[in-house]
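Take a look at the letters that make up each chain.
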Amino acid sequence: MVKNAFISVISQKEKEENQGSVEFQVFSFTNKIERLSSHLELHKKDYSSQRGLQKIVGKRQRLLAYLSKKNKVRYKELIGQLNIREKKKPLI
């Protein structure tokens with residue numbers, strides 16, 4: 001498995017203090033998603049990892065939806081820092 005070095009958006013001091021914050025959770029889920037994605041490129045038939053990836057993506061989506069409702073500014077900053085696409089809004 002290829003290991004990628006991820007740039008920490010949150011400093012080490014903030015990381016120790018705010019492990020329960022929404023931003024930290026989204027950041028850690030994003031790192032897990034990128035690791036699992038690189039793993040699945042090598043092991044295409046690893047269905048249990050695919051399911052785990054889908055569950056983590058769903059958790060991250062729910063946290064981002066919560067953050068966008070509570071604080072739009074923090075949501076936009078986090079999306080920009082992590083290079084995550086915004087969720088498309090339904091047409092109706």
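As shown above, the structure is provided for reference.
A brief look at the structure comes next. (Residues numbered from 1 in each chain as written. Predicted model: local features only at pLDDT ≥ 70, side-chain atom pairs only at ≥ 80, totals over all residues. Heavy atoms only, no water.)

1. Some remarks on the overall build of the protein
- Counting secondary structure elements, the protein contains 4 helices and 0 strands.
- Listing the helices and strands of the protein from first to last along the sequence gives α-α-α-α.
- Out of the 92 residues in the protein, the part that is buried amounts to 32%.
- Taking the intrachain contacts of the protein between residues at least 6 apart in sequence as the baseline, contacts between residues at least 24 apart amount to 49%.
- Per element, the accessible surface of the protein, about 7,300 Å² overall, is 52% carbon and sulfur. (Helix = DSSP H or I, 4+ residues; strand = E, 2+ residues; numbered from the N terminus. Buried < 20%, exposed > 50% of the residue type's maximum accessible area, 1.4 Å probe, protein only. Contact = heavy atoms within 4.5 Å. Areas by Shrake-Rupley, 256 points an atom, 1.4 Å probe, with all protein chains shown as cover.)

2. Focus: the nonpolar core
- If you look at the biggest cluster of nonpolar residues, it comprises 17 residues, and the most contacted ones within it are V26, L64, L78, L82 and I84.
- Counting residues per element, the ones that place at least two in this core are helix 2 (22-42), helix 3 (47-70) and helix 4 (72-82).
- Sorting elements by how many residues they give to this core places helix 2 first, with 7 residues. (Core = buried A, V, L, I, M, F, W, Y, C linked by side-chain atoms within 4.5 Å.)

3. What to know about the packing of helix 2 against helix 3
- Between helix 2 and helix 3, whose axes approach to 9 Å, the crossing angle comes to 155°. With respect to helix 3, the axis of helix 2 lies roughly antiparallel. Here helix 2 runs over helix 3; the crossing is left-handed. Contacts between helix 2 and helix 3 involve V22, E23, Q25, V26, F29, T30, K32, I33, L36, S37, H39 and L40 from the former and S49, Q50, G52, L53, I56, V57, K59, R60, L63, L64, Y66 and L67 from the latter.
- Here the contact of helix 2 with helix 3 is built from residues that sort into 13 nonpolar, 7 polar and 4 charged. (Axes fitted to C-alpha atoms, helices over the stretch in contact; angles between N-to-C directions. Parallel < 35°, antiparallel > 145°, perpendicular 65-115°, else oblique. Left-handed = near helix turned anticlockwise from the far one by under 90°. Nonpolar A, V, L, I, M, F, W, Y, C, P; charged D, E, K, R; others polar.)

4. Overview of a positive patch on the surface
- Where like charges cluster on the molecular surface, the positive patch consists of K32, R35, R51, K55, K59 and R62.
- Of all elements in the fold, only helix 2 and helix 3 reach the threshold of two or more residues within the positive patch. (Patch = residues over 30% accessible without salt bridge, like charges linked within 9 Å, V, L, I, M, F, W, Y side chains within 5 Å. Salt bridge = Lys/Arg side-chain N within 4 Å of Asp/Glu carboxyl O. Lys, Arg positive; Asp, Glu negative; His and termini not counted. Charge placed at Lys NZ, Arg CZ, Asp CG, Glu CD.)

5. Focus: helix 4
- Burial in helix 4 covers these residues: Y75, L78, I79 and L82. On an axial view of helix 4, the arc spanned by its buried residues comes to 100°, and they lie on one face.
- Against helix 2 and helix 3 lie the buried residues of helix 4.
- You can read the cap of helix 4 off the contacts: a side-chain oxygen lies 3.3 Å from the backbone nitrogen of V73, and it is on N71.
- Directly after helix 4, the chain includes N83, whose backbone phi takes a positive value near 55°. (Arc of directions from axis to C-beta. Polar contact = N/O pair within 3.5 Å; in protein donor to acceptor, adjacent residues only side chain to side chain.)

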